[in-house]
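# Summary of the model geometry
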Amino acid sequence: MLKDMQPEDIIGEYKEAVLNLYGGMKRKVLFTEIETPYPDGKLIVSSTDSDGLIKKVNQAFVDMSCYTEEELIGMPHCILRHPDMPSAAYKDLWGTILDGRTWQGYVKNLRKDGGYYWVKATVIPNIRKGQVVGYTSVRRKPSRLKVNESIKLYSTLS
Amino acid sequence: MTFNFTVSPDFAPDRLSGWYIFNTWLQKQTDSAIHLEIYPDFAAQKAAITSDKIDLIYANPYDAAMLVREKGFLPLVKSAGSSDEAILAVHRDNAIIDVEALPSGIRVAHTQDPDVRMIGMIMLEPSNLTSDTLQAINCDTYILVAKNILQNKADVGIFLAQAYDDLSDLVKKQLKVLVRSQISVIHHSLMIGPKLQAKREEIQNLLINMHGSAKSKEILDSLGFSCWQKVDDEEMEFMIDLMDTLAI
Ligand SMILES: Cc1cc2nc3c(=O)[nH]c(=O)nc-3n(C[C@H](O)[C@H](O)[C@H](O)COP(=O)(O)O)c2cc1C
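What counts, and at which threshold
- Residues numbered from 1 in each chain as written.
- Chains lettered and ligands numbered in written order.
- Predicted model: local features only at pLDDT ≥ 70, side-chain atom pairs only at ≥ 80, totals over all residues.
- Heavy atoms only, no water.
- Near = heavy atom within 4 Å.
- Polar contact = N/O pair within 3.5 Å; in protein donor to acceptor, adjacent residues only side chain to side chain.
- 1 Å grid on protein atoms, 1.4 Å probe; cavity = no way out; pocket = protein on both sides within 12 Å on 5 of 7 lines; lining within 4 Å.
- Sits in = over half its atoms within 2 Å of the grid points.
- Helix = DSSP H or I, 4+ residues; strand = E, 2+ residues; numbered from the N terminus.
- Nonpolar A, V, L, I, M, F, W, Y, C, P; charged D, E, K, R; others polar.
- UniProt positions renumbered as here; feature names shortened; annotations may be inferred.
- pLDDT = per-residue confidence, 0-100.
- Points joined across faces, edges and corners; volume = space filled by probe spheres on them.
- Domains from an automatic or database assignment.
- Contact = heavy atoms within 4.5 Å.
- Buried area = accessible area lost by both parts, 1.4 Å probe.
- Salt bridge = Lys/Arg side-chain N within 4 Å of Asp/Glu carboxyl O.
- Pairing = 2+ DSSP bridges.
- Axes fitted to C-alpha atoms, helices over the stretch in contact; angles between N-to-C directions.
- Core = buried A, V, L, I, M, F, W, Y, C linked by side-chain atoms within 4.5 Å.
- Buried < 20%, exposed > 50% of the residue type's maximum accessible area, 1.4 Å probe, protein only.

Chain B is annotated in an unreviewed UniProt entry as ABC-type phosphate/phosphonate transport system periplasmic component of Methyloglobulus morosus KoM1.

Per an unreviewed UniProt entry, chain A goes by Aerotaxis receptor and derives from Methyloglobulus morosus KoM1.

## As for the site of the ligand
Residues and elements named next belong to chain A. Around the ligand sit 16 residues in total, of which Tyr22, Tyr90, Trp94, Asn109 and Arg139 are the nearest. One of the side-chain N or O atoms of Trp94 is found 2.8 Å from an oxygen atom in the ligand. One of the side-chain N or O atoms of Asn109 is found 2.7 Å from a nitrogen atom in the ligand. More than half of the atoms belonging to the ligand lie within 2 Å of the grid points that define the second largest pocket. Contributing elements (two or more residues each) for the shell around the ligand: helix H3 (87–98) and strand E7 (131–140). With four residues, the single largest contributor to the shell around the ligand is E7. Here the shell around the ligand is built from residues that sort into nine nonpolar, five polar and two charged.

## Structural notes on the UniProt feature "domain: PAS fold-3" (unreviewed entry) in chain A
The UniProt feature table records "domain: PAS fold-3" (unreviewed entry) at residues 56–138 of chain A. Taken end to end, residues 56–138 of chain A has its terminal C-alpha atoms 12 Å apart, with 28% of it in helix and 37% in strand.

## Some remarks on the confidence of the model for chain B
Considering every residue of chain B, the mean pLDDT works out to 96; 100% of them sit at 70 or more. Here the predicted complex scores 0.93 on pTM and 0.92 on ipTM.

## A few points about the layout of surface pockets
All names here are of chain B. When its volume is computed, the largest pocket comes out at roughly 1,200 Å³. Surrounding the largest pocket, 43 residues form its lining, Asp10, Phe11, Ala12, Leu160 and Gln162 being those nearest its centre. Secondary structure elements with two or more residues in the lining of the largest pocket: strand E4 (74–79), helix H5 (142–150) and helix H6 (161–165). Residues of the lining of the largest pocket, tallied by class, amount to 19 nonpolar, 12 polar and 12 charged.

## Structural notes on the domain arrangement of chain B
Residues and elements named next belong to chain B. If you check the domain split of chain B, you get domain 1 (2–82 + 185–247) and domain 2 (86–180). Between domain 1 and domain 2, the C-alpha centre-to-centre distance is 28 Å. Each side of the interface is counted separately: domain 1 has 10 residues, and domain 2 has seven residues. Summed over both sides, the interface of domain 1 with domain 2 buries roughly 700 Å², with 77% coming from carbon and sulfur. Considering only the surface of domain 1 that becomes buried against domain 2, Phe42, Tyr62 and Leu246 emerge as the three largest contributors, covering 52% of it. Scanning the region where domain 1 abuts domain 2 turns up zero salt bridges.

## As for the side chain of Thr32 of chain A
Residues and elements named next belong to chain A. Structurally, Thr32 can be placed in the loop between strand E2 (26–31) and strand E3 (44–48). A polar atom in the side chain of Thr32 sits 3.2 Å from the backbone nitrogen of Ile34. The residues contacting Thr32, other than those within four sequence positions of it, are Ile10, Ile11, Gly12, Glu13, Tyr14, Asp113, Gly114, Gly115 and Tyr116.

## Remarks on the sheet that holds strand E8 (residues 156–160) of chain B
Residue and element names in this part refer to chain B. Ordered in space as E7-E6-E8-E5-E9, the five strands form an open sheet in which the pairing is mixed. The open sheet terminates on both sides in strands that have one partner only, identified here as strand E7 (135–138) and strand E9 (175–180). Direction aside, the axes of adjacent strands within the sheet are offset by 30° on average. The strands touched by helix H4 (residues 114–124) within the sheet are strand E5 (86–91), strand E6 (107–110), E8 and E9, with E5 carrying the most contacts at an inclination of about 60°.

## Observations concerning the nonpolar core
Among the nonpolar cores identified, the biggest contains 63 residues, and Leu88, Leu102, Leu124, Phe159 and Met191 of chain B are the most heavily contacted of them. There are two domains that each give this core at least three residues, and those are domain 1 (2–82 + 185–247) and domain 2 (86–180) of chain B. Beyond its immediate sequence surroundings of up to four residues, Leu88 of chain B is in contact with Val99, Gly120, Met123, Leu124, Val156, Gly157, Ile158, Lys176, Val177, Leu178 and Val179 of chain B. Counting residues in each nonpolar core, the second largest holds 41 residues, with Leu2, Met5, Val29 and Met85 of chain A among its members.

## Some details on the pattern of salt bridges
Counted under the stated rule, the structure contains 24 salt bridges over all chains. Across the pair Glu237 of chain B and Arg128 of chain A runs a salt bridge whose closest N-O atoms are separated by 3.7 Å. With Glu237 of chain B in helix H10 (residues 233–246) and Arg128 of chain A in strand E6 (residues 116–128), this pair bridges two chains. The class of Arg128 of chain A is buried, set by a relative accessible area of 14%. Of the charged contacts in the structure, one is a salt bridge between Lys172 of chain B and Asp169 of chain B, with a shortest N-O distance of 3.9 Å. Taken as a pair, Lys172 of chain B and Asp169 of chain B lie in helix H7 (residues 169–172) at a separation of three residues, close to a single helical turn. A single network of salt bridges, built from pairs that share partners, joins Arg128 of chain A together with Arg69, Glu234, Glu237, Asp241 and Asp244 of chain B.

If you want it as structure tokens, here you go:
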């Protein structure tokens, strides 16, 4: 259900990669070296159902990802997966939240136009009457120092 | 039976009489004895909540999680169209124009308002500042936060955006805003405790319609609100989840 990225959506020179996603899914992504700075003072927020499919996004999410709200609702978050991000980071994320705990980390996200943006993300399980009904992620502006540390660390992971 | 009402200690001082008038109105409308008790600070208010002395509260979003999860409170309403936003400001003559350029060790003036301080600290994160790498200057009011900056006793101030906007033009002219948050989903809410919950719908309806009559509209005016807007359980749960992610 996740479509490959389309050359006509991309702004600037791009490279291609094929991502191996969860459940054997594959996606061709096109990516550029253009970074969009994190908007000051804003939070990027999304919530999913218990299967991890997006059910709610805020305006900052739409603006930064370049997708419309309609394109995002019902999709998994790997629509933002950037080829420079190691799978190990997401294994850690899912292991943590499935265990009912909060995950925090630095993430490089891929935009629909092929560009990228860095965030400091916090993901928590949403518990209602003792049941996990979904997950929420709130992203905020990361410090450059932490981004640079993450770039170094992620290049050593797969 | 008398119920106890309290207002988060971060209310603007000139609204105090408004809250007393609101309390009188609410007593009349609900035909219940409701006593308004204002606590001098968040610690005193928390002690009252912990010992189950509070039945109705205009709560800071920072306290919402504890009120809902530990004390069984439910949301009623919020002031329509308003949210709690924070501002980071420096002296106009400060060469810094970007938060990222703020050096470690700087002096940060703030008040005790827990949600504003939290949002402010998050907005300082891009500069790698944490509570360990800055010098906090605790102030009683936002006017004092501004004064500390103007007198060069603080480098940065964390303001409630509304309080910053309400500073005099003379003061604002000497300050420079580095960032203003645009979060929109964090807000104070009027919340109701277990002992009053049988009346939840009745009180909610009274409040939602409060702007309908000229007389009660005046009371809203004195609180600085245009009207009350219903907050449902899921909106409150969402805000609590959000606060949880921000608190770490
Ligand atoms: C609430 C929530 C938010 C997430 N946000 C992102 C995100 O912003 N970017 C991203 O690449 N993955 C995000 N993920 C992780 C994805 O679900 C996914 O694990 C990841 O993109 C890697 O894809 P894969 O698991 O199919 O290998 C999020 C997961 C959850 C539950």
